[in-house]
Amino acid sequence: MNAFKKRSLFYKLIIIVGGSLMIMFAVVMGMTMKLMQNSFTNLYTTETRLLLDKIAENYDDLHQQTVQALLTCQNNQYVKAFLSDPNQDGKAQSAIIFNMQKALDHVNLLNDRTLSTLILIGRNGNVYVSNDDKRMMTRQEIWDSDPVQLALKNPDQITYSFVKERMVNSGNYDQSIAAVQILQDGENEVYGAALLLVNLHSFEEYYASILDPQLNSVFIVDSNGFVFSSNNSRMIGDNKPDLLEHIEKYGGSFSLKENGQTIMGEYLPYYDSYIFCVIDDYQFFAQASNWSLILVVGILILLVTCAVIYGLLNRAFKPLEAMRKKMHDAPDGNFEEHLPVEGEGEIAELAIAYNTMQDGLKHYVDELMSMEKEKRLLEIHSLQMQINPHFMYNTLTSFKFLAWQKRDEELVQSLDAFIALLQEKLGNQEEKITVAQEITNLKNYVHILKIRFGEHIQVNYNIEPACLNCVCPKLILQPFVENAFFHAFNDQENGSIDIFGRIVEDHLLFEIIDNGKGMDVQSDLKKKTKFSGIGINNVNERIALLYGRQYGVQIESVPNAGTFITIELPAILETSEKGKRNGKENPQDQNH
């Protein structure tokens, strides 16, 4: 009895809420079972049959768009030149890519990167991915994949395949549907392949927006009974050979009732797949009843229950309501706001425990944030200091060559350029500078390198004006240009380095392309033969510390063809960066 008196309100609430819910359940179930009619199911089945026909038409439209996109690739001269010409320099390839992208911009299916991605792979080693997407597989892995190999067996037609592995970075799922067209010249010689990847999320949207997932279980299975798309994610990957038995028995389009379910099927000829819709009759009955009557009765019961509970809580839990308002109005992260200790028993103990927890959290968070700030500042400073001796070593080596050759005038010019770099370095202690300053520093450094290597290496700058006022970490371009001078052209008479800067959505992209002798990236990275300098590793680590691991450096290279380097950063204007520094927020803390 004492325990009941101390927690009388708790037990009253259990009895009231539990009793009300049981009454509602009994009333609703009784009325639902009486009001359900078989005609509801038959009508819904007819409507769903029409919807399946509409979905099949939508997939037919998707196929027609796919055919248009792949035929554009087959018939476009720039696509053929990009995939078949083995002797493309950087400028020529850039022009071909530009014209190729211009032609592909008219393909509606490629305008939305969330819907599909086009991959072009050529025998000459070139790879193109639409919508600035990123490949998750190498060129050889894509060529050796099952979709391409299947298409090679039928080079004169478009083949569809289910891809279990992620080929590109976009899309909500690893799996996708691949439409493949083998590209051939007039003599039926294969010079490449075009893959149009439709991610499964987009594939599901053709039926997800039409069929109610609460009433319908939708499966799309291949000719072997493998489920590769469904509105029930747990069913993806299962095998449903029993559904194919219905196809063999009733044909490509059917509707039947079995074991309390209505099963409908439709054949998708272009994909050699079948779409099935399964309706649970019992579940549908439960939802297709006279909801207005059930709703009125349920609302009356809920109103009575809520009125009783509200009256009890309003008398007994006024202190708890005051605590709730105090907690709701407290600013996020403000551990100074303590709750008033009011009421009796459990409520007072709850307020004391909450205040104690706030004090402990404040102390812990303050210590943790202080330690993290110091750690990040030390890491960034340590990485930045690594550049100086590496940069000084290579620069002074160039001056030594000038002194040996007694080229005094050129030595003076080089020293002027070096002094300008040192003034920028010593006079500006900021970790980040504008892109315009970075390009100016790079030009001074290239001048120093040209004194040593001569004019046979040309450096071209193609920086969009919109990039110049963006901020970037200091000295992120110099290590890659330096590496090209020292390693890419040491056996060539002439060469070129093209530096591009552009803004794509909210990303700042730098691309450094040289037509040097190239390399095997995986092998050279393991052996550390061409990327052993401190500067290059330093750049990637600095970007990760400042902005996070989603940004950084990507290196692609083809032996005897050249090297393509991409540096990806967030696009932040100089005014925005200054505003952050002048405010309370530390710019480095934003990346924590």
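Only a predicted model underlies this, so the values are computations on that prediction, with no experimental measurement involved. (Residues numbered from 1 in each chain as written. Predicted model: local features only at pLDDT ≥ 70, side-chain atom pairs only at ≥ 80, totals over all residues. Heavy atoms only, no water.)

Student: Looking at this structure, how should I read the overall build of the protein chain?
Tutor: When you go through the protein chain residue by residue, the secondary structure sums to 19 helices and 17 strands. Out of the 592 residues in the protein chain, the part that is buried amounts to 42%. (Helix = DSSP H or I, 4+ residues; strand = E, 2+ residues; numbered from the N terminus. Buried < 20%, exposed > 50% of the residue type's maximum accessible area, 1.4 Å probe, protein only.)

Student: Help me understand helix α9 (residues 241–250), please; the structure alone is not making it clear to me.
Tutor: In an α-helix, one turn spans 3.6 residues; hence positions three or four apart end up facing the same way. Within α9 the residues assigned to the buried category are Leu243, Leu244, His246 and Ile247. When α9 is viewed along its axis, its buried side chains cluster within an angular range of 145° and face the same direction. Away from its buried face, by an angle of more than 90 degrees, α9 presents the exposed residues Glu245, Glu248 and Lys249. On its buried side, α9 packs onto β6 (216–222), β8 (253–258), β9 (261–268) and β10 (273–280). A positive phi of about 100° marks glycine 251, the residue just after α9. (Arc of directions from axis to C-beta. Contact = heavy atoms within 4.5 Å.)

Student: Explain a negative patch on the surface to me, please; I cannot follow it from the model alone.
Tutor: A grouping of Glu141, Asp144, Asp146 and Glu165 is seen on the molecular surface, where their side chains present a negatively charged patch. Mapped onto the fold, glutamate 165 is located in the loop between β3 (159–163) and β4 (176–184). (Patch = residues over 30% accessible without salt bridge, like charges linked within 9 Å, V, L, I, M, F, W, Y side chains within 5 Å. Areas by Shrake-Rupley, 256 points an atom, 1.4 Å probe, with all protein chains shown as cover. Salt bridge = Lys/Arg side-chain N within 4 Å of Asp/Glu carboxyl O. Lys, Arg positive; Asp, Glu negative; His and termini not counted. Charge placed at Lys NZ, Arg CZ, Asp CG, Glu CD.)

Student: Is there a simple way to explain the sheet that holds β3 in this structure?
Tutor: Two orientations exist for strands paired in a sheet by backbone hydrogen bonds: parallel and antiparallel. Ordered by their spatial adjacency, 5 strands build an open sheet running β2-β1-β5-β4-β3, and the pairing between neighbours is antiparallel. Edge positions in the open sheet fall to β2 (127–129) and β3, since each of these has one partner strand only. Neighbour-to-neighbour, the strand axes of this sheet turn through a mean angle of 20°, independent of strand direction. As judged from the 9 bridges shared by β4 and strand β5 (residues 190–199), these two strands associate in the antiparallel manner. Pairing of isoleucine 182 across the sheet is with alanine 193, part of β5. (Pairing = 2+ DSSP bridges. Axes fitted to C-alpha atoms, helices over the stretch in contact; angles between N-to-C directions.)

Student: Whenever I open this one, the packing of helix α4 (residues 77–84) against helix α5 (residues 90–104) confuses me. Can you help?
Tutor: What describes two packed helices is the angle between their axes and the distance between those same axes. In contact at an axis separation of 8 Å, α4 and α5 are set at 145° when each is read in the N-to-C sense. In terms of crossing hand, the pair formed by α4 and α5 is left-handed. When α4 is examined against α5, the residues Tyr78, Val79, Ala81 and Phe82 are found in contact with a partner set consisting of Gln93, Ile96, Ile97, Asn99 and Met100. Classifying every residue of the contact of α4 with α5 gives 7 nonpolar, 2 polar and no charged. (Left-handed = near helix turned anticlockwise from the far one by under 90°. Nonpolar A, V, L, I, M, F, W, Y, C, P; charged D, E, K, R; others polar.)

Student: What's the story with the environment of glutamate 541 in this structure? I'm lost.
Tutor: Relative to the helices and strands, glutamate 541 resides in helix α18 (residues 534–547). On the accessibility criterion, glutamate 541 (32% relative accessible area) is partly exposed. Each C-alpha atom of the pair glutamate 541 and glycine 552 lies 8.0 Å from the other, and the pair is 11 residues apart in sequence.

Student: How do you make sense of the pairing of strand β17 (residues 562–570) when you look at a structure like this?
Tutor: As a general feature of sheets, a regular strand has side chains that alternate between the two faces. The element β17 is extensively covered by neighbouring structure, given that 8 of its 9 residues are classed as buried. Inspection of the sheet shows strand β16 (residues 552–558) paired to β17 by 7 bridges, in the antiparallel sense. Each residue of the ladder has a partner; that of valine 558, found in β17, is glycine 562.

Student: Would you take a moment to explain unusual backbone geometry for this structure?
Tutor: Only a minority of non-glycine residues have a phi that is not negative, and only a minority of peptide bonds are not trans. Despite not being glycine, asparagine 188 has its phi angle at roughly 60°, a positive value. The topology assignment puts asparagine 188 in the loop between β4 and β5. At glutamate 505, a position not held by glycine, the phi torsion is positive, near 55°. When you line up the elements, glutamate 505 lands in the loop between β14 (495–504) and β15 (507–514). Taking the relative accessible area as the measure of exposure, glutamate 505 reaches 66% and is therefore exposed.

Student: What is the right way to look at the sheet that holds β6 in this model?
Tutor: A sheet is described by the order of its strands in space; here 5 strands give the open sequence β7-β6-β10-β9-β8, paired in antiparallel fashion. The outermost strands of the open sheet, each flanked by one partner alone, are β7 (227–230) and β8. Each strand of the sheet is rotated relative to its neighbour by a mean of 20°, with strand direction disregarded. Sheet analysis places β6 next to β7, joined by 3 bridges and oriented antiparallel. Considered in β7, the bridge of isoleucine 220 is made with serine 229. Set on the sheet, helix α8 (residues 200–208) makes contact with β6, β7 and β10; between it and β7 the angle comes to about 60°. α9 rests against β6, β8, β9 and β10 of the sheet, and its axis sits at about 120° to β8.

Student: Got a minute to help me understand the packing of aromatic side chains in this structure?
Tutor: Any pair of aromatic rings gets described here by the distance separating the centres and the angle formed by the planes. Summed over the entire model, instances satisfying the criterion amount to 7 aromatic pairs. Relative to phenylalanine 226, the ring of phenylalanine 162 lies with its centre 5.4 Å away and its plane at 50°, an arrangement referred to as tilted. Of the two residues, phenylalanine 162 sits in strand β3 while phenylalanine 226 sits in the loop between β6 and β7, which places them 64 residues apart along the sequence. Residue class for phenylalanine 162 comes out partly exposed when judged on its relative accessible area of 21%. On the basis of relative accessible area, phenylalanine 226 is assigned to the buried category, the value being 16%. Centroid distance tyrosine 267 to tyrosine 274: 4.9 Å. Interplanar angle 40°. Geometry classified as tilted. Through successive ring pairs, a cluster of aromatic residues spans Tyr59, Tyr160 and Tyr271. The ring of phenylalanine 219 is capped by lysine 240, whose NZ or CZ atom sits 5.5 Å from the centre of that ring. In this structure, lysine 443 packs its charged tip against the face of tyrosine 461, placed 5.1 Å from the ring centre. (Phe/Tyr/Trp six-rings, centres within 6.5 Å; stacked < 30°, edge-to-face > 60°. Lys NZ or Arg CZ within 6 Å of the ring centre and 35° of its normal.)

Student: Please clarify how the pattern of salt bridges should be interpreted in this entry.
Tutor: A side chain with one charge may pair with a side chain of the opposite charge, provided their charged atoms come close. Considering all chains together, one arrives at 5 salt bridges under this definition. Arginine 502 is the partner of glutamate 511 in a salt bridge, and the nearest nitrogen-oxygen pair spans 2.9 Å.

Student: Would you mind showing me how to read the nonpolar core here?
Tutor: Within soluble globular proteins, side chains that are nonpolar generally end up buried alongside one another. The biggest cluster of nonpolar side chains holds 45 residues, and the ones touching the most others in it are Ile497, Ile567 and Leu569. If one sorts the elements of this core by residue count, helix α15 (residues 435–453) sits on top with 8 residues. Residues Tyr160, Leu211, Val218 and Tyr271 belong to the second largest nonpolar core, which totals 44 residues. (Core = buried A, V, L, I, M, F, W, Y, C linked by side-chain atoms within 4.5 Å.)

Student: How should the confidence of the model for the protein chain be read in this particular structure?
Tutor: On average, residues of the protein chain score 76 in pLDDT, and 74% of them are at 70 or above. At the level of individual helices and strands, the protein chain shows its lowest average pLDDT in helix α17 (residues 521–527), which scores 59, and its highest in β15, which scores 95. Every residue in residues 584–592 is under pLDDT 50, and counting partners more than four places away or in other chains gives 15 contacts. (pLDDT = per-residue confidence, 0-100.)

Student: Mind showing me how you'd approach the environment of arginine 549 here?
Tutor: Relative to the elements of secondary structure, arginine 549 occurs in the loop between α18 and β16. Among all residues touching arginine 549, those that are not within four sequence positions of it are Glu541 and Ala544.

Student: Help me out: how do you make sense of the state of the cysteines in this one?
Tutor: Two cysteines whose sulfur atoms are joined by a covalent bond form what is called a disulfide. Within the structure shown, the criterion is met by 0 disulfides. Cysteine 470 supplies the cysteine sulfur nearest to cysteine 467, a cysteine that is in no disulfide, at a spacing of 5.9 Å. (Disulfide = S-S within 2.5 Å.)

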